[in-house]
Amino acid sequence: AATEALLGAIERRSVSGLEAAIAAAVEAGHQGELAGGRLWCTSELKAARALLAGESVRLAKVECTREKDAKSLEAVRGLVQDLLSCPVRSEPLGVDESGRRYWAFASDP
């Protein structure tokens, strides 16, 4: 039963599912200690632990990216608000025979 739980958690890649399946596998005897003091565990338990570590790192990176994106979005919104407060011409003053457009801005002397 613990092996099936580990394999199911590995397929779903759920952090909470992996944690629960790992705890159940440890309780079911999927790891132990040899007579010489060396530790052992089943390949399913080892794979689940490796996946849990990888998923934890991935989720941390995703959260960090979200925070950076939120900060960037706020910065862009601030810049847009600053630009909207500046007077801008949407239509040119005129066009010459070559098709060049001419603009006048309040900051021009």
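Coordinates for the structure precede this section.
Residues numbered from 1 in each chain as written. Predicted model: local features only at pLDDT ≥ 70, side-chain atom pairs only at ≥ 80, totals over all residues. Heavy atoms only, no water.

1. Considering the overall build of the protein
Okay, step 1: Counting its secondary structure elements, the protein contains three helices and four strands.
Okay, step 2: Starting at the N terminus and walking to the C terminus, you meet the elements of the protein as α-α-β-β-α-β-β.
Okay, step 3: Here the C-alpha radius of gyration of the protein, 30 Å, is well above what a compact globule of 109 residues would show, namely 13 Å.
Okay, step 4: Taken across its 109 residues, the protein has 14% of its residues classed as buried. (Helix = DSSP H or I, 4+ residues; strand = E, 2+ residues; numbered from the N terminus. Rg over C-alpha atoms; globule rule 2.2 N^0.38 Å. Buried < 20%, exposed > 50% of the residue type's maximum accessible area, 1.4 Å probe, protein only.)

2. A short note on the packing of helix α1 (residues 2-12) against helix α2 (residues 15-27)
Okay, step 1: Where α1 contacts α2, the axes come no closer than 9 Å and their chain directions differ by 160°. Judged by the inter-axis angle, α1 sits roughly antiparallel to α2. Here the hand of the crossing between α1 and α2 comes out left-handed. In this structure, α1 contributes Ala2, Ala5, Leu6, Ala9 and Ile10 to the contact, and α2 contributes Gly17, Leu18, Ala21, Ile22, Ala24 and Ala25.
Okay, step 2: Taken together, the residues of the contact of α1 with α2 sort by class into 10 nonpolar, one polar and no charged. (Axes fitted to C-alpha atoms, helices over the stretch in contact; angles between N-to-C directions. Parallel < 35°, antiparallel > 145°, perpendicular 65-115°, else oblique. Left-handed = near helix turned anticlockwise from the far one by under 90°. Contact = heavy atoms within 4.5 Å. Nonpolar A, V, L, I, M, F, W, Y, C, P; charged D, E, K, R; others polar.)

3. Describing helix α3 (residues 43-84)
Okay, step 1: When the terminal C-alpha atoms of α3 are compared, their 60 Å separation across 42 residues agrees well with the 62 Å that a helix rising 1.5 Å per residue should span.
Okay, step 2: Listed as buried for α3 are Leu45, Ala48, Leu51, Leu52 and Glu55.
Okay, step 3: In this structure, the buried residues of α3 make contact with α1, α2, β1 (31-33) and β2 (39-41). (Expected span 1.5 Å × (residues − 1).)

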